[in-house]
Amino acid sequence: MDVEVAIGTVIKKALEVVASDERGRKTLLYILGIAVFLLMLPMIFVIGMFGFLGEDGTVILDQQIILEHLSEEQQGEISHINEVCEIISDTFRVYGLPANDQRKAQTVYVSYLLGREDEPDFYTRLVNCFNSAHEWMSVYELLGMEIGIVILPEEQRELDERYGVTGMP
């Protein structure tokens, strides 16, 4: 334990001496800059390989490049999910539901209902949950009763923040 204390004291004194000199501070900042760069290198690599920063600072990934590197099976699964999301969107449009409800339903499908799209009246039951939501019965309660899924309250808040509250005037 005494050796650890001695080493710590020596390092502390060395940093004080180096930091007291202008060239020493520049050297420390240079070393710190290199360390930050090395820590950010994985993120720089991913962005460099798959995308670039958008106008508003968000990361935009090139979906086509990513899809090309997936197996045929994975590409088929993603294609099927996209088809189901299009059917959900078309069904919601037919019933006159807003675009935010369409996107919320697609998110619910991808998060909770993958593989259940072949159940009888799946799309009709899903749209009915959104169409029947009111102040006294939330879309989440209807999804639980009609389709049998449980969406936790914090996830409900996130969905409502992103897509708006369903069934509220």
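Definitions and limits used
- Residues numbered from 1 in each chain as written.
- Predicted model: local features only at pLDDT ≥ 70, side-chain atom pairs only at ≥ 80, totals over all residues.
- Heavy atoms only, no water.
- Axes fitted to C-alpha atoms, helices over the stretch in contact; angles between N-to-C directions.
- Helix = DSSP H or I, 4+ residues; strand = E, 2+ residues; numbered from the N terminus.
- Parallel < 35°, antiparallel > 145°, perpendicular 65-115°, else oblique.
- Left-handed = near helix turned anticlockwise from the far one by under 90°.
- Contact = heavy atoms within 4.5 Å.
- Nonpolar A, V, L, I, M, F, W, Y, C, P; charged D, E, K, R; others polar.
- Phe/Tyr/Trp six-rings, centres within 6.5 Å; stacked < 30°, edge-to-face > 60°.
- Buried < 20%, exposed > 50% of the residue type's maximum accessible area, 1.4 Å probe, protein only.
- Salt bridge = Lys/Arg side-chain N within 4 Å of Asp/Glu carboxyl O.
- Core = buried A, V, L, I, M, F, W, Y, C linked by side-chain atoms within 4.5 Å.
- pLDDT = per-residue confidence, 0-100.
- Arc of directions from axis to C-beta.

Asks: Quick one: what's the story with the packing of helix H6 (residues 122-131) against helix H7 (residues 139-146), residue by residue and with numbers?
Replies: Following both chains from N to C, one finds H6 and H7 inclined at 150°, their axes separated by 8 Å at the closest point. Considering the angle they form, H6 stands roughly antiparallel to H7. Note that H6 runs across H7; the crossing there is right-handed. Contact residues: H6 offers Arg-125, Leu-126, Cys-129 and Phe-130, while H7 offers Val-139, Leu-142, Leu-143 and Glu-146. Classifying every residue of the contact of H6 with H7 gives six nonpolar, no polar and two charged.

Asks: Which residues make up the packing of aromatic side chains, and what values do they have?
Replies: Aromatic ring pairs are described here by two measures, namely the spacing of the ring centres and the angle between the planes. Inspection of the entire model under this criterion finds three aromatic pairs. Residues Phe-92 and Phe-130 carry aromatic rings whose centres are separated by 5.2 Å and whose planes lie at 70° to one another, so their mutual orientation is edge-to-face. One end of the pair, Phe-92, is in helix H4 (residues 72-94); the other, Phe-130, is in helix H6, and 38 residues separate them in sequence. According to the relative accessible area criterion, Phe-92 is buried, its value standing at 1%.

Asks: How would you summarise the pattern of salt bridges if you had to cite specific residues and measurements?
Replies: Considering all chains together, one arrives at six salt bridges under this definition. Here Glu-16 ties to Lys-13 by a salt bridge, and the two come within 3.9 Å at their closest N and O atoms. Of the two residues, Glu-16 and Lys-13 are both situated in helix H1 (residues 2-20); the distance of three residues between them amounts to about one turn of the helix. In this structure, Asp-90 and Arg-93 form a salt bridge, with 2.8 Å as the shortest nitrogen-oxygen distance. With Asp-90 and Arg-93 both in helix H4, this residue pair falls three residues apart, about one helical turn. Three or more residues joined by partner-sharing salt bridges are found here, namely Arg-116, Glu-119 and Arg-125.

Asks: Pulling in residues and values, what's your account of the packing of helix H5 (residues 99-113) against helix H8 (residues 153-163)?
Replies: Two numbers describe how H5 lies on H8: the axes approach to 10 Å, and their chain directions differ by 145°. Handedness of the H5/H8 crossing: right-handed. Taken together, the residues of H8 that come into contact with H5 (itself represented by Asn-100, Arg-103, Lys-104, Thr-107, Val-108 and Tyr-112) are Glu-155, Leu-159, Asp-160 and Tyr-163. The class makeup of the residues in the contact of H5 with H8 is four nonpolar, two polar and four charged.

Asks: Can you lay out the nonpolar core for me, pointing to particular residues and giving the numbers?
Replies: In this structure, Ile-88, Phe-92, Leu-113, Leu-126 and Leu-143 are the most contacted members of the largest nonpolar core, which totals 25 residues. Elements represented by at least two residues in this core include exactly H4, H5, H6, H7 and H8. Broken down by element, this core gets its largest block of residues, six residues, from H6. Discounting chain neighbours no more than four positions away, the residues touching Leu-143 are Val-108, Leu-126, Cys-129, Gly-148, Ile-149 and Ile-151.

Asks: Tell me about unusual backbone geometry, residues and numbers included.
Replies: Positive phi values are uncommon outside glycine, yet Asp-121 reaches one of about 55°. Topologically, Asp-121 is positioned in the loop between H5 and H6.

Asks: Explain the confidence of the model for the protein chain residue by residue, including any values.
Replies: Mean pLDDT over the protein chain works out to 83, with 86% of the residues at or above the 70 mark. Mean pLDDT across the elements of the protein chain ranges from a minimum in strand S1 (residues 51-53), with 54, to a maximum in H6, with 93.

Asks: Could you give an account of H7, with specific residues and numbers?
Replies: Of all the positions in H7, only Val-139, Tyr-140, Leu-142 and Leu-143 are classed as buried. On an axial view of H7, the arc spanned by its buried residues comes to 160°, and they lie on one face. Where the residues of H7 are buried, they touch H5, H6 and H8. Positive backbone phi, at 85°, marks Gly-148, one or two positions downstream of H7.

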